[in-house]
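Residues per chain, in single letters:
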Amino acid sequence: MNFTFRRKRISGILTVLPAREQSFVDDMKNFNFPEARSLKLKEVMGYDKHRIVEPSVCVSDLVVFALKHLFEKELLLPDEFDALILVTQSPDYFMPPTSNVIQGRLNLKKDLFCVDINQGCAGFVIGLIQAFLLLEQESIRKVLVVNADVLSRKTSPKDRNSYPLIGDGASITVVERDTVDSVIHANLKMDGTRNNVLMIPAGGFRRPSSPETACLEDVGDNNLRAKDHLHMDGSAVFNFVQVEVPALIADLLQHTGSSIEQVDYFFCHQPNRFMLQKLADKMRIPHAKMPSNVVENFGNSSGVTIPTAIAFNLGDRLIQEKFKVCFAGFGVGLTWGAMLLDLGRVNFNSLIDYA
Amino acid sequence: MTDYLSNTALNDIFAILKTIRPELDFSRSRDFIAEGLLDSFDVVTLVSALDKKYGISIPGTEIVPDNFKNLETIETLLRKSGAKL
């Protein structure tokens, strides 16, 4: 599905990551594998350290912290945005929506459209699409796209498939109308027939949590996890990404008459370095144009990885300069989406610690 | 199964497999995957080592268990990926 948006822009990005850092070498002690084999994996996948919340920290804690930071620094005023789109797979509660919890904790205005979207690694692209659609309304001048997840709390430390790569975090992306005639193109696809490839099997209404779903099970390859934990079919996800994402980006470039050479950066979701470098090789994109350094430094925080990659790799350069960028998010659903836009001259682009 | 694979290439692949799982004897196996000699992460480590050794990038879409069953399938994959054996 193709989208075209006119006169819209991203005017600021803030990422907040837990200050607590865990190292892969420490994680290894929980895995039922010889150390040498785990260390090889560390080298290939780019696992090194990841940011994990303390067990009691929730999504709204990270987001409230980030918004307070923006308000205190006067980078954003509490009254100047009209919608808050929260994209998360780890809400504080089933009900009420966590976006409303955030609104309440900050005593934000009542004329605020708050909505939660249950999406993951494609959540940055999904959130932006929703924000651009809302900005078609006269009454909405500025929208916050908030991506946030604390999925480490639902990941088994004894599951080498997923624990070493998992990270927590939140990002606030401010979206508003542009004064120049800019055009943003996006392409989005979904395949619900593969919904079981990435899932938390228990804890919802289909299979409520119970002592049984909390029991660790040997799920093969010496990995232990419970039904309450995140399950990822690594091979299926890898194959999905390698087959679908290059075609998606190629379609977007073709549709917009753009070439790889014209794009300064491809900011993709960050599952691991190996997967991203294979993607880049398949599309003949120089590795320098497709950063893959988020997992090794911070972990994979679902929809937060693209804002993290932008903040970590461009930082203050994004305040002065403008780049042609392509975003690509892919994951749970399955969902995959890409977006081509001019990004730059923003008011802020930074990464802070939640402590 | 390795008649047309040079001894050097054969030794190189065996040497790489040995660094990944030094405790196993790959020469006695007909199917590295089915017999549990390589798991999915070992395959990733193997691909990375083969890429480096032969100066290629094995396409992500080719990283499927069937291509890593034995020396013959690995050799076919390497040739398909542009390796000079």
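The paragraphs below set out a description of the structure included in this document. As the structure is a computational prediction, the values presented were derived from the model and not from experiment. Here the residue numbers are simple positions, counted from 1 along each chain's written sequence. Starting at A for chains and at 1 for ligands, labels are handed out in the order in which the entities are written. Owing to the predicted nature of the model, reporting of local features is limited to residues with pLDDT of at least 70; listing and counting of side-chain atom pairs is limited to 80 or more, with chain, interface and lining totals taken over all residues. Heavy atoms throughout the structure, all of them, feed into the side-chain values; hydrogens and water do not.

## Looking at the interface of chain A and chain B
Part 1: Throughout, a contact is declared for two residues whenever any of their heavy atoms are within 4.5 Å. With 19 residues of chain A in contact, the opposing surface of chain B contributes 19 residues.
Part 2: Note on terms: buried area is the combined drop in 1.4 Å-probe accessible area of two parts once they are placed together, counting the loss on both. Carbon and sulfur atoms supply 58% of the area buried between chain A and chain B, which totals about 1600 Å² over both sides.
Part 3: Considering only the side of chain A, the residues that lose the most area to chain B are A:R37, A:K40 and A:K278, jointly responsible for 33% of the buried surface there.
Part 4: Should a side-chain nitrogen of Lys or Arg be within 4 Å of a carboxyl oxygen of Asp or Glu, the pair is scored as a salt bridge. On the surface where chain A and chain B come into contact, there are two salt bridges.
Part 5: In this structure, B:D51 and A:K278 form a salt bridge, with 2.4 Å as the shortest nitrogen-oxygen distance.
Part 6: Under this definition, polar contacts are N or O atom pairs within 3.5 Å; protein pairs additionally need one hydrogen-donor-capable and one acceptor-capable atom, and for neighbouring residues in sequence, both atoms have to be side-chain atoms. Connecting chain A to chain B are six residue pairs in polar contact (both at pLDDT 80 or more).
Part 7: Strands here are runs of E lasting at least two residues and helices are runs of H or I lasting at least four, both read from the DSSP assignment and numbered beginning at the N terminus. By residue number, the principal contributor to the side of chain A that touches chain B is helix 2 (residues 35-45) of chain A, which donates six residues.
Part 8: Charged residues are taken to be Asp, Glu, Lys and Arg, nonpolar residues to be Ala, Val, Leu, Ile, Met, Phe, Trp, Tyr, Cys and Pro, and polar residues to be all remaining types, Gly included. Of the residues belonging to the side of chain A that touches chain B, the class tally is seven nonpolar, four polar and eight charged.

## Thoughts on the layout of surface pockets
Part 1: With a 1 Å grid laid over protein atoms only, a set of points is called a cavity when a 1.4 Å probe fits there but cannot get out and a pocket when it is open yet has protein on both sides within 12 Å along at least five of seven lines; lining residues have an atom within 4 Å of a point. Grid points are joined across faces, edges and corners, and a volume is the space filled by probe spheres set on the points. Here the second largest pocket is characterised by a volume of approximately 350 Å³.
Part 2: Around the second largest pocket sit 17 residues that line it, and A:E43, A:V44, B:S48, B:A49 and B:K52 are the ones nearest its centre.
Part 3: Residues of the lining of the second largest pocket, tallied by class, amount to five nonpolar, five polar and seven charged.

## Thoughts on the pattern of salt bridges
As a working rule, side chains carrying opposite charge can pair if their charged atoms are close by.
Part 1: Under the definition given, this model contains 28 salt bridges over all chains.
Part 2: With a closest N to O distance of 3.1 Å, A:R317 and A:E321 form a salt bridge.
Part 3: As a salt-bridge pair, B:R79 and B:E75 come within 2.6 Å of each other at their nearest N and O atoms. Residue B:R79 and its partner B:E75 are both found in helix 3 (residues 71-80); the two are separated by four residues, about one turn of the helix.
Part 4: Among the residues examined, B:R79 registers a relative accessible area of 40% and is labelled partly exposed.
Part 5: What you see here is one network of salt bridges that share partners, running through A:E21, A:R51 and A:D353. Think of it in three bands: residues with accessible area under 20% of the maximum for their type are buried, residues over 50% are exposed, and the middle band is partly exposed, with areas taken using a 1.4 Å probe on protein chains only.

## A closer look at the nonpolar core
Part 1: Residues belong to one nonpolar core when they are buried, are Ala, Val, Leu, Ile, Met, Phe, Trp, Tyr or Cys, and are joined through side-chain atoms within 4.5 Å. Residues A:I249, A:M290, A:F330, B:L46 and B:L78 are the most contacted members of the largest nonpolar core, which totals 68 residues.
Part 2: The element best represented in this core is helix 6 (residues 234-255) of chain A, accounting for nine residues.
Part 3: The contact partners of B:L46, leaving out residues within four places of it in the chain, are B:I16, B:L17, B:I20, B:L38, B:F68 and B:I74.
Part 4: Judged by nonpolar contacts, the second largest core, of 42 residues, contains A:F5, A:L17, A:A131 and A:I310.

## Side note on the sheet that holds strand 9 (residues 183-190) of chain A
All names here are of chain A.
Part 1: Criterion used throughout: strands pair if DSSP finds at least two bridges between them. Reading across the sheet, the five strands line up as 1-9-16-15-14 and stay open at both edges, with mixed pairing between neighbours. Each of the sheet's edge strands pairs with one partner strand only, and the pair in question is strand 1 (2-6) and strand 14 (265-268). Sheet twist, expressed as the average angle between the axes of neighbouring strands with direction ignored, equals 20 degrees.
Part 2: Bridge count for strand 14 against strand 15 (residues 322-331) is four bridges, and the pairing is parallel. All axes here are fitted lines through C-alpha atoms, helices being fitted over the stretch that makes contact, and every angle between N-to-C directions spans 0 to 180 degrees.

## A few points about empty space enclosed by the protein
Empty space left among the atoms is revealed by rolling a probe the size of a water molecule over them.
All names here are of chain A.
Part 1: Taken as a whole and judged by the stated rule, the model has one cavity of 30 Å³ or more.
Part 2: Volume-wise, the largest cavity comes out at about 30 Å³.
Part 3: Lining the largest cavity are L276, Q277, A280, H287, M290 and S292.
Part 4: By residue class, the composition of the lining of the largest cavity is three nonpolar, three polar and no charged.

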